[in-house]
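Remarks on the overall topology
So the chains spell out like this:
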Amino acid sequence: MDKITHPAICVFCGASFGTDPIYRETARALGAGIAAMGARMVFGGGSPGLMGEVAKAAREGGTSVEGILPSFLRDVEPPLAEGETTQIVDDLFVRKQMMIDRSDAFIVLPGGLGTYDEFFEVLTAAQLRVHAKHIVLVNVMGYFDALDALVRDTVKKGFASEAVLTLYSLADDAPAALAQVRKALAP
Ligand code: AMP
C-alpha cells in the first residue's frame, strides 16, 4: 500500500482518560480522522483509556487497526474485544521497535509516563537517523507545552541540536495533527 494515500499512523497516548472530557473527545476525533483519510492505525494494543477510544473510533470509521501488545500486559491492558488485529510480543522493547517499523508517522495524544517514553523513543531514534518519520504532538489545551519547553531548553543549553526541533511539531487538535502528517508525507 502506498504511504501517501494509505499511510500507517502510529498513535501514542494514555492508558487513562485524564481529567477533562476534551482528551477523550480528541482521541475519538483522531481515530475517526485517521479512518476518514484512508490511513491505517498502529497502536499499543490495549483497550483502557485514550488507547481504547482512539482505536474504537478508527475501527468504527472502517479502517484497519493493528495493536502491538507485550504478553505481560495482556491482563492489565487487555485488547479490544473485536475489530483489531493484535500482535502479542515479548516485551516493551519489541513493541516499540515494531511500532516504529510498521508506521509512516507518529501522532502523540495526551498521556502519562508511558506516552512520554514512547515520544522520546521515536524522537531520539529520529535524532540518530534510525528513521525519518515525522512526529506530531496533539497539544490539547497546551498539554505538551511543558514537554516542548523542556526540549527547547535542552537545545538552548547546548545538549541537543537545533535540528531536533524539526523532527516534531505541535498541533492544536486532531484535524490539525492529521494535516501536518499529510504534509510531512507529501512527496
Ligand atoms: P501511559 O501514558 O503511562 O498511560 O502509558 C501509555 C502506554 O505506554 C501504555 O500502553 C503502556 O503500556 C506504555 N508504556 C508504559 N511504560 C512504557 C515503557 N517503559 N516503554 C514502552 N511503553 C510503555
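The structure reproduced in this document is the subject of the present report. (Residues numbered from 1 in each chain as written. Predicted model: local features only at pLDDT ≥ 70, side-chain atom pairs only at ≥ 80, totals over all residues. Heavy atoms only, no water.)

Overview of the site of the ligand
- Around the ligand, a shell composed of 16 residues is seen, among which A15, E77, G112, T115 and D117 lie nearest.
- The contact in question runs from an oxygen atom of the ligand to an N or O atom on the backbone of A15, over 2.8 Å.
- At 2.8 Å from an oxygen atom of the ligand is found a side-chain nitrogen or oxygen belonging to E77.
- Protein coverage of the free-state accessible area of the ligand, which is 490 Å², stands at 79%.
- Most atoms of the ligand, that is more than half of them, are within 2 Å of grid points of the largest pocket.
- Elements that contribute at least two residues to the shell around the ligand include exactly α3 (92-102) and α4 (113-127).
- Per element, the largest residue contribution to the shell around the ligand is five residues, and it comes from α4. (Near = heavy atom within 4 Å. Polar contact = N/O pair within 3.5 Å; in protein donor to acceptor, adjacent residues only side chain to side chain. Areas by Shrake-Rupley, 256 points an atom, 1.4 Å probe, with all protein chains shown as cover. 1 Å grid on protein atoms, 1.4 Å probe; cavity = no way out; pocket = protein on both sides within 12 Å on 5 of 7 lines; lining within 4 Å. Sits in = over half its atoms within 2 Å of the grid points. Helix = DSSP H or I, 4+ residues; strand = E, 2+ residues; numbered from the N terminus.)

Comments concerning α4
- With 15 residues, α4 extends 21 Å between its outermost C-alpha atoms, agreeing within 8% with the 21 Å of an ideal straight helix rising 1.5 Å per residue.
- Contacts from the buried residues of α4 go to β1 (8-12), α3, β5 (105-108), β6 (135-138), α5 (145-156) and β7 (168-171).
- Looking one or two residues beyond α4, the residue adopting positive phi is R129, at roughly 60°. (Expected span 1.5 Å × (residues − 1). Contact = heavy atoms within 4.5 Å.)

What about the side chain of H134?
- Mapped onto the elements of the fold, H134 is located in the loop between α4 and β6.
- A distance of 3.4 Å separates a polar side-chain atom of H134 from the backbone oxygen of L167.
- Here H134 is in contact with D104, A105, F106, T166, L167, Y168, S169 and A184, once residues within four sequence places are set aside.

All quantities given are derived from atomic positions and should not be read as evidence of function.
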